[in-house]
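# Structure assessment
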Amino acid sequence: MLYKFIHNYRKRKLLIENNGLKSYLINDKGYILLIVLMISAFLVSFTSDFFLTTHTYISYIKRLKNDINSEFLTYSGYEIAKAILDVDRLGISGSFMPGLNSNKSIDCHKDIWALDFPAIPVMDYQVKVEIVDENSKINVSALANDKVEKTPYYGVLQRFLMNMGLSLDISDALVDWVDPDDIRFPYGAESSGYYYNLTPSYSAKNGRLDSISEILLVKGISPEIYYGIGGGNYGIEKNLVDDNKGDVTIPLYKLEEMTASSVKKDDIKSITSDAERPVGKERSRLLSDYLTAYGNWDDFIDESNRININTASFRVLSSLSDDFSEEIAADIIRKRHLEPFTAASEISSFVKDYDSLANILTVKSRIFRITVTVKNDNSYCRGVYYFNRDDKKLLYCSMGH
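The paragraphs below set out a description of the structure included in this document.

This brings us to helix 5 (residues 152–163). Every α-helix winds through 3.6 residues per turn, so residues three or four apart in the chain are directed the same way. Between the first and last C-alpha of helix 5 there are 17 Å, a value that for 12 residues agrees with the 16 Å anticipated at 1.5 Å per step. Every buried residue of helix 5 is accounted for by Tyr153, Tyr154, Gly155, Val156, Leu157, Arg159, Phe160 and Leu161. At its buried positions, helix 5 is contacted by strand 3 (138–139), helix 6 (169–178), strand 4 (291–292), strand 5 (307–308) and helix 9 (314–317). Positive backbone phi, at 75°, marks Gly165, one or two positions downstream of helix 5.

Structurally, Asp176 is set in helix 6. Although Asp176 lies buried, it forms no salt bridge, and the closest oppositely charged side chain, Arg184, sits 6.0 Å away as judged by the N-O distance. Of note is the side chain of Asp176, whose polar atom sits 2.9 Å from the backbone nitrogen of Ala189. Filtering out sequence-adjacent residues up to four positions away, Asp176 remains in contact with Ile183, Arg184, Phe185, Gly188, Ala189, Glu190, Ala204 and Asn206.

Below, the discussion takes up the packing of aromatic side chains. If you walk through the whole model with that rule in mind, you get 15 aromatic pairs. Note on Trp113 and Phe368: the rings are 5.2 Å apart at their centroids and 65° apart in plane angle, and the pair reads as edge-to-face. Taken as a pair, Trp113 in the loop between helix 4 (93–96) and strand 1 (120–122) and Phe368 in strand 7 (residues 367–375) lie far apart in primary sequence, 255 residues in all. Residue class for Trp113 comes out buried when judged on its relative accessible area of 2%. Through pairs of rings, three or more aromatic residues link up here, namely Trp177, Tyr194, Tyr195 and Tyr202. The side chain of Lys219 reaches across the aromatic face of Tyr194, ending 5.2 Å from its centre. The side chain of Lys335 reaches across the aromatic face of Phe341, ending 4.4 Å from its centre.

Moving on to the pattern of salt bridges. Where charged atoms of side chains with opposite charge meet at close range, the side chains can pair. One pass over the structure, following the stated rule, counts 23 salt bridges. In this structure, Asp210 and Arg208 form a salt bridge, with 4.0 Å as the shortest nitrogen-oxygen distance. Overall, the relative accessible area of 38% leaves Asp210 in the partly exposed class. Put simply, Glu346 and Lys335 hold a salt bridge, and the shortest N to O gap is 3.7 Å. Linking Glu346 in the loop between helix 10 (326–338) and helix 11 (354–357) with Lys335 in helix 10, this pair joins segments that are 11 residues apart in sequence. One salt-bridge network, in which partners are shared between bridges, spans Glu237, Lys281, Arg285, Arg315 and Glu326.

Calculation rules
Residues numbered from 1 in each chain as written. Predicted model: local features only at pLDDT ≥ 70, side-chain atom pairs only at ≥ 80, totals over all residues. Heavy atoms only, no water. Helix = DSSP H or I, 4+ residues; strand = E, 2+ residues; numbered from the N terminus. Expected span 1.5 Å × (residues − 1). Buried < 20%, exposed > 50% of the residue type's maximum accessible area, 1.4 Å probe, protein only. Contact = heavy atoms within 4.5 Å. Lys, Arg positive; Asp, Glu negative; His and termini not counted. Salt bridge = Lys/Arg side-chain N within 4 Å of Asp/Glu carboxyl O. Polar contact = N/O pair within 3.5 Å; in protein donor to acceptor, adjacent residues only side chain to side chain. Phe/Tyr/Trp six-rings, centres within 6.5 Å; stacked < 30°, edge-to-face > 60°. Lys NZ or Arg CZ within 6 Å of the ring centre and 35° of its normal.

Right, dumping it as structure tokens:
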């Protein structure tokens, strides 16, 4: 057997040496080997491509499924937020969680909607719902309309910009953006004199904003300023705080335990223990935390435009008038930590010019921003909804993955 194997090997070797590899492969036996090699190479190439394509398609399908699931969970989170706002509107928050505000005539950071809700586990996703009062902000859309050249919000905005170390020219540019005419404010910008000369060119809105991010198109507002990562007195402000909301955390025991008759009132963690919390300018400089686009453009004194003194930030409160020093803003925040204001006129004891502010202040909010974040290991989705609780109307929404 070994002799025969060696003999055949030597025979094949001699044939290849004398006639070359080609003659060996195409003889009566070698051509079969050639065909086998060609078929094998084809099958390897075909199956590799097939498995790669199949793996890619399966990955796409899995991602699409995750994205669809996260989007629908985002809508579900929005419906949960609407239900929470409705509970607050009806004044029955106290029945869900002792210690919360149940006065449906006011809105404050002791309301159920203001709580920092933990993420809700749904399947393998985490659903986080956050509700923010848009009436705590300065409505840019209310700066001007077809009836008035400028409104009291113009002065509030100027003081806000000054406190941020930003150019006051921005306030004029914002007035020109929302007013219906093409007459330029002293330091503003209109379509014909500025925006048409840009590349690419565009025109001023000359009406109510659709979204606060629209102000990125306005002269003087760079992405650096809008997102609060530079400009003005960025980086040199001192004694900043995360927020001035007070304690908005949910007690660590379950909601059903909080409403059980066996739970004593003294055992319930107080949500109003804020006396020792530091008060000051908020660390965030993101303009959308202080400016809003939603309200009534036609009538600036409409309730939907007014600033809620129970929820307004330190930066907004200190911009309300020239009489509002930082000390007064801090005093108002400390007072509302103890007990929220039940009427805007109550701050008349803090400032002399309350009468000039009466038409722009309130203690009742109407418009809220609902942010729903859904994520797991393979998917992320974030939906932002602006909702008018009085009209039960969705004003604007955006979604991103």
